[in-house]
Number of protein chains: 4
Amino acid sequence: MNAPKQVAVIGSNASGATVAMADFAFALGQMLGTEGYTVINGGKGGVMEAVCRGIRHSPNPQRGRSVCIIPEGEPAYANPFCDIIIPTGIGLARNFIVANSAPVVIAVGGGAGTLSEVAYAWQTGKIIIAVTSFGGWARKLAGTQIDNRRNDIILPARSVEEIRTLLQEIFKP
Amino acid sequence: MNAPKQVAVIGSNASGATVAMADFAFALGQMLGTEGYTVINGGKGGVMEAVCRGIRHSPNPQRGRSVCIIPEGEPAYANPFCDIIIPTGIGLARNFIVANSAPVVIAVGGGAGTLSEVAYAWQTGKIIIAVTSFGGWARKLAGTQIDNRRNDIILPARSVEEIRTLLQEIFKP
Amino acid sequence: MNAPKQVAVIGSNASGATVAMADFAFALGQMLGTEGYTVINGGKGGVMEAVCRGIRHSPNPQRGRSVCIIPEGEPAYANPFCDIIIPTGIGLARNFIVANSAPVVIAVGGGAGTLSEVAYAWQTGKIIIAVTSFGGWARKLAGTQIDNRRNDIILPARSVEEIRTLLQEIFKP
Amino acid sequence: MNAPKQVAVIGSNASGATVAMADFAFALGQMLGTEGYTVINGGKGGVMEAVCRGIRHSPNPQRGRSVCIIPEGEPAYANPFCDIIIPTGIGLARNFIVANSAPVVIAVGGGAGTLSEVAYAWQTGKIIIAVTSFGGWARKLAGTQIDNRRNDIILPARSVEEIRTLLQEIFKP
């Protein structure tokens, strides 16, 4: 794929995420940082904060970056591990932008907000990877089709390693 | 409920809607027009066009109005039965506005676009009515909860009459 | 012009509008209601509230309608004279939608918000009428060009009668 | 100022920018990259492309980054010097996000799009620096107030050096 090396990570916020989801997201962030991906996300708590924190704790944090696209118009509302903050001021309509922001979207857990993002990512033709190890919409939708406009499925993944391999395949020159 | 007498109708577009869905949406539009509701919708084909057409064919079309909030910036992209057209120019981010536009959202059939709207309506606290007589996300989600932030469910409805009764209850002074 | 009989009215909010501006906007609303235009506006105070109130006080208020596109996601934030409320939840990005919502945009007074709407209306090719009887950006920009992408100018108007005549010319079949 | 070290640069697109403006924007980008600012911009041609190119040609391009927030939903529409691309899919409503994206907005030249961004930046309380060396809305508005909601003015600047000094003052810990 000839596209910017960007991935979007979506998932449960602080109210919805379990500790297991956050641990996974932290490890995912470490891997994405190590591999040099720019990680677009919604910039709030839970899975979003954990993936940003993981990037900060990757061996060479300069290689990757977290870009946090938040609903509010003020940067103070972002989680404290965001490298770059985009305060949109457009509320949850920012979910559409998160879904558009990368050719690949990775979902971990997820409530209604994540569901809107997966729906958008499907409509706009993004590759979607859904983690099956936890509950939420990621597990419910993994391996399925949102509707019949596409022939492919939402790709299931159980581990960070599986995601690394999928991304290498997707972004290979 | 002390709120404007507005309902949003969402559902399958021209590619996804069956004739049965469109017939239902037409009858729904007739009922909504007769009862004097302003009907906000996405202004494209399928369920959206049928509900607008139904309003035009209600006994006193002056009492109700269809307001079509379309993705494009030009009114020519709306279906021909829209009474008022709001060309947004913001693409599918307009789904968030459709979900915000009324205290009650009624879903008929529905693919990924409808799913994003239901997810948004859930997040923003709207009453959601999902028609169970056809496929799509409306049937899949009827009677369920999107996530655990709310205690209520997506209200199932089989007929236009059931919806009329639900709305009378919701909008009673 | 073969377009929906819709006009957008923009202008100073409650903090910026003078009584003279509000009186003008009220008379403008009466005229627009009498002529059967649907009037899209930002739904807040000042010029916006006055034009909505004028429509309510036109001889046959059924013929015209005010449609209020507000920044907030809740209808309670609209002024009390809105016939139809579209709570967007996208903050001031709703200015772009107001500018897109009609083929003609009429400006009365106006601070920074109005200025963003005039700039958008210029970019998207709308006919712009600016009232010269008061201060604000309407007077500053009347008769000028925002940039050189268009050959026409922002049309100056001193009175409601002048606006009525301009609109009849614009919307003649 | 305790805020992310981010600045937004706005200005004429490829149709409106002169070579002199683009040369200035290139030098501005080099300075901003050297100083380690993340530079949010609209990602299209003219001033936007030149500032992104300048960052690439700064002594240590790793320190700074250009983040391009484009109207389209596909990254291919960005200029080729963007480090990070945010395809929004929301059209010119993205101007509101660009204006929200940093505590300081720097304008070079500028037509209607830039004008909408300056108006938004004024409404949302951003510090605005307008380059006076060229035409466009930057020169027209430098030293003025958009409306009376604020007591400060749009800061005029003639050179990249002046902007460097202003930013050091603004971002000093």
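About the cut-offs
Sequence positions are assigned chain by chain, starting from 1 and proceeding in written order. The order in which chains are written sets their letters, starting at A; the order in which ligands are written sets their numbers, starting at 1. Given that the model is predicted, a residue must reach a pLDDT of at least 70 before its local features are reported, and side-chain atom pairs must reach 80 or more before they are shown or counted; all residues, however, enter totals for whole chains, interfaces and linings. For side-chain calculations, the full set of non-hydrogen atoms in the structure is used, while hydrogens and water are omitted. A helix here means a DSSP run of H or I that spans at least four residues, while a strand means a run of E at least two residues long, and both kinds are numbered starting from the N terminus. The globule rule used for comparison is 2.2 Å times the number of residues to the exponent 0.38, while the radius of gyration itself is calculated over C-alpha atoms. Each residue's exposure class comes from its accessible area (1.4 Å probe, protein chains only) as a fraction of the maximum for that residue type: buried when under 20%, exposed when over 50%, partly exposed otherwise. In this analysis, two residues are considered to be in contact whenever any of their non-hydrogen atoms come within 4.5 Å of each other. Using the Shrake-Rupley algorithm and a 1.4 Å probe, accessible areas are obtained, with residue cover drawn only from the displayed protein chains. Between the first and last residue of a helix there are one fewer steps than residues, each counted as 1.5 Å, and that sum is the expected span. We superpose the copies by least squares over the C-alpha atoms of residues that have a pLDDT of at least 70 in both of them. The term disulfide is used for any two cysteine sulfur atoms that are within 2.5 Å. Summed over both partners, the accessible area (1.4 Å probe) lost when two parts come together is defined as the buried area. Definition used for salt bridges: Asp or Glu carboxyl oxygen within 4 Å of a side-chain nitrogen of Lys or Arg. N or O atoms within 3.5 Å of each other form a polar contact, as long as, within protein, one can give a hydrogen and the other can take it, and as long as residues adjacent in sequence are counted only when both atoms are side-chain atoms. For this classification, Asp, Glu, Lys and Arg are treated as charged, while Ala, Val, Leu, Ile, Met, Phe, Trp, Tyr, Cys and Pro are nonpolar and the rest, including Gly, are polar. Pairing between strands is defined by DSSP: at least two bridges between the two strands are required. Between the N-to-C directions of two axes lies an angle of 0 to 180 degrees, each axis being a line fitted to C-alpha atoms and, for a helix, fitted only over the stretch in contact. By definition, any crossing whose near helix is turned counterclockwise from its far helix by less than a right angle is left-handed, and any crossing with a clockwise turn is right-handed.

J.: Just to check I follow, could you spell out the overall build of chain A for this structure?
T.: What chain A contains, in helices and strands, is six helices and seven strands. Across chain A, helices and strands are ordered from the amino to the carboxyl terminus as β-α-β-α-β-β-α-β-α-β-α-β-α. Computed over its C-alpha atoms, the radius of gyration of chain A comes to 14 Å, within 12% of the 16 Å expected for a compact globule of 173 residues. Oriented by its inertia axes, the alpha-carbon framework of chain A measures out at about 40 × 35 × 30 Å. Out of the 173 residues in chain A, the part that is buried amounts to 62%. A sequence separation of at least 24 residues applies to 68% of the contacts in chain A between residues at least 6 apart. If you sum the accessible surface of chain A, you get close to 5,900 Å²; carbon and sulfur atoms cover 53% of it.

J.: Explain helix α4 (residues 112-123) of chain A here, please?
T.: Think of an α-helix as 3.6 residues a turn; residues three or four steps apart then line up on the same face. Residue and element names in this part refer to chain A. In this model α4 runs 17 Å from its N-terminal to its C-terminal C-alpha over 12 residues, within 8% of the 16 Å that 1.5 Å per residue would give. With 12 of 12 residues buried, α4 lies mostly within the body of the structure. Taken as a whole, α4 has its buried residues at Ala-112, Gly-113, Thr-114, Leu-115, Ser-116, Glu-117, Val-118, Ala-119, Tyr-120, Ala-121, Trp-122 and Gln-123. Once α4 finishes, Gly-125 follows within two positions and takes phi at roughly 80°, a positive value.

J.: Can you walk me through the relation of the copies chain A and chain D in this structure?
T.: Mapping between the two chain copies consists of a rotation about an axis together with a translation along that axis. You can overlay chain A on chain D at an RMSD of 0.0 Å; the transform is a turn of 180° with a shift of 0.0 Å along its axis. Put plainly, the chains are arranged around a two-fold axis. The position closest to the rotation axis in chain A is occupied by the C-alpha of Gln-62 of chain A, lying 3.9 Å away. Both copies present the same face, since 100% of the interface residues in chain A are matched by interface residues at the equivalent positions in chain D.

J.: I would appreciate a short explanation of the state of the cysteines in the present structure.
T.: Any covalent bond linking the sulfur atoms of two cysteines counts as a disulfide. Residues and elements named next belong to chain A. Under the counting rule described, the total for this entry stands at four disulfides over all chains. In this model, Cys-68 is linked to Cys-82 through a disulfide, with the two sulfur atoms separated by 2.2 Å. In this structure the cystine formed by Cys-68 and Cys-82 twists about its S-S bond by roughly -95°; its chirality is therefore left-handed. Of the two residues, Cys-68 sits in strand β3 (residues 65-70) while Cys-82 sits in the loop between β3 and β4 (84-87), which places them 14 residues apart along the sequence. Cys-68 gets classed as buried once you look at its relative accessible area, which sits at 0%. The exposure class of Cys-82 is buried, given its relative accessible area of 7%.

J.: For this particular structure, what's the right way to read the interface of chain B and chain A?
T.: Taken together, the contact between chain B and chain A spans 21 residues of the former and 21 residues of the latter. Of the roughly 1,700 Å² buried at the junction of chain B and chain A (both faces included), carbon and sulfur atoms supply 67%. Among the residues chain B hides against chain A, the three largest losses belong to Leu-92, Ala-112 and Tyr-120 of chain B. Together they make up 30% of the total. Inspection of the chain B/chain A interface yields zero salt bridges. Scanning the region where chain B abuts chain A turns up six residue pairs in polar contact (both at pLDDT 80 or more). Counting residues per element, the ones that place at least two in the side of chain B that touches chain A are α3 (94-100), α4 (112-123) and α5 (136-141) of chain B. With eight residues, α4 of chain B is the largest single contributor of residues to the side of chain B that touches chain A. Across the side of chain B that touches chain A, the residue classes tally to 12 nonpolar, six polar and three charged.

J.: Teacher, can you tell me more about the sheet that holds strand β6 (residues 127-131) of chain B here?
T.: Consider a sheet: its strands pair through backbone hydrogen bonds, and that pairing is either parallel or antiparallel. All names here are of chain B. Read across the open sheet, the seven strands follow the order β4-β3-β2-β1-β5-β6-β7; overall the sheet is parallel. Looking at which strands have only one partner, the edges of the open sheet turn out to be β4 (84-87) and β7 (155-157). When strand polarity is set aside, the average angle formed by the axes of neighbouring strands in this sheet is 25°. Judged from the three bridges that link them, β6 and β7 form a sheet pairing that is parallel. What sits directly across from Ala-130, in β7, is Pro-156. Of the strands in this sheet, β1 (6-11), β2 (38-41), β3 (65-70) and β5 (104-108) are in contact with helix α2 (residues 47-56), which crosses β1 at around 140°.

J.: Would you explain the relation of the copies chain B and chain A in this entry?
T.: The operation relating chain B to chain A is a screw motion whose rotation component is 180°, with 0.0 Å of axial translation and a residual RMSD of 0.0 Å. Both copies present the same face, since 100% of the interface residues in chain B are matched by interface residues at the equivalent positions in chain A.

J.: Would you explain helix α1 (residues 19-34) of chain B in this entry?
T.: Residues and elements named next belong to chain B. Here α1 spans 23 Å end to end across 16 residues, near enough to the 22 Å set by a 1.5 Å rise per residue. Met-21, Ala-22, Phe-24, Ala-25, Phe-26, Leu-28, Gly-29, Met-31, Leu-32 and Gly-33 are the residues of α1 that are buried. Buried residues belonging to α1 abut β1, β2, α2, β5, β6 and α6 (160-171). Directly after α1, the chain includes Gly-36, whose backbone phi takes a positive value near 85°.

J.: Explain the pattern of salt bridges to me, please; I cannot follow it from the model alone.
T.: A side chain of one charge can pair with a side chain of the opposite charge if their charged atoms are brought near each other. One pass over the structure, following the stated rule, counts 32 salt bridges over all chains. Notably, a salt bridge pairs Arg-164 of chain B with Glu-35 of chain B, separated by 2.6 Å at the nearest N-O pair. Here Arg-164 of chain B is found in helix α6, whereas its partner Glu-35 of chain B is found in the loop between α1 and β2, with 129 residues between them in sequence. Accessibility expressed as a relative area gives 23% for Arg-164 of chain B, which makes it partly exposed. With a shortest N-O distance of 2.9 Å, Arg-149 of chain D and Asp-147 of chain D are connected by a salt bridge. Each of the salt bridges in this network shares a partner with another, and the network as a whole consists of Glu-35, Glu-161 and Arg-164 of chain A.

J.: For this particular structure, what's the right way to read the sheet that holds strand β2 (residues 38-41) of chain A?
T.: Residue and element names in this part refer to chain A. Within the open sheet, the seven strands sit side by side as β4-β3-β2-β1-β5-β6-β7. Their pairing is parallel. Of all the strands in the sheet, the pair left with one neighbour each is β4 and β7 (155-157). Taking each pair of neighbouring strands and ignoring which way they run, the sheet shows an average axis angle of 25°. Bridge count for strand β1 (residues 6-11) against β2 is four bridges, and the pairing is parallel.

J.: Teacher, can you tell me more about the packing of helix α1 (residues 19-35) of chain C against helix α6 (residues 160-171) of chain C here?
T.: For any two helices packed against each other, one specifies the crossing angle of their axes together with the interaxial distance. All names here are of chain C. In the contact formed by α1 and α6, the axes pass within 10 Å of each other and the chain directions differ by 35°. Crossing angle aside, the handedness with which α1 passes α6 is right-handed. Only Val-160, Ile-163, Arg-164, Leu-167 and Gln-168 of α6 make contact with α1, whose side of the interface consists of Phe-24, Ala-27, Leu-28, Met-31, Leu-32 and Glu-35. Considering only residue class, the contact of α1 with α6 consists of eight nonpolar, one polar and two charged.

J.: For this particular structure, what's the right way to read the interface of chain A and chain D?
T.: Taken together, the 23 residues of chain A in the interface contact 23 residues of chain D. The junction of chain A with chain D conceals about 1,800 Å² of combined surface from both sides, 61% of it contributed by carbon and sulfur atoms. The tally of links from chain A across to chain D stands at zero salt bridges. In this assembly, chain A and chain D are joined by four residue pairs in polar contact (both at pLDDT 80 or more). For the side of chain A that touches chain D, the secondary-structure elements that each account for two or more residues are β2, β3, β4 and α3 (94-100) of chain A. With four residues, the single largest contributor to the side of chain A that touches chain D is β4 of chain A. Grouping the amino acids of the side of chain A that touches chain D by side-chain chemistry returns 12 nonpolar, eight polar and three charged.

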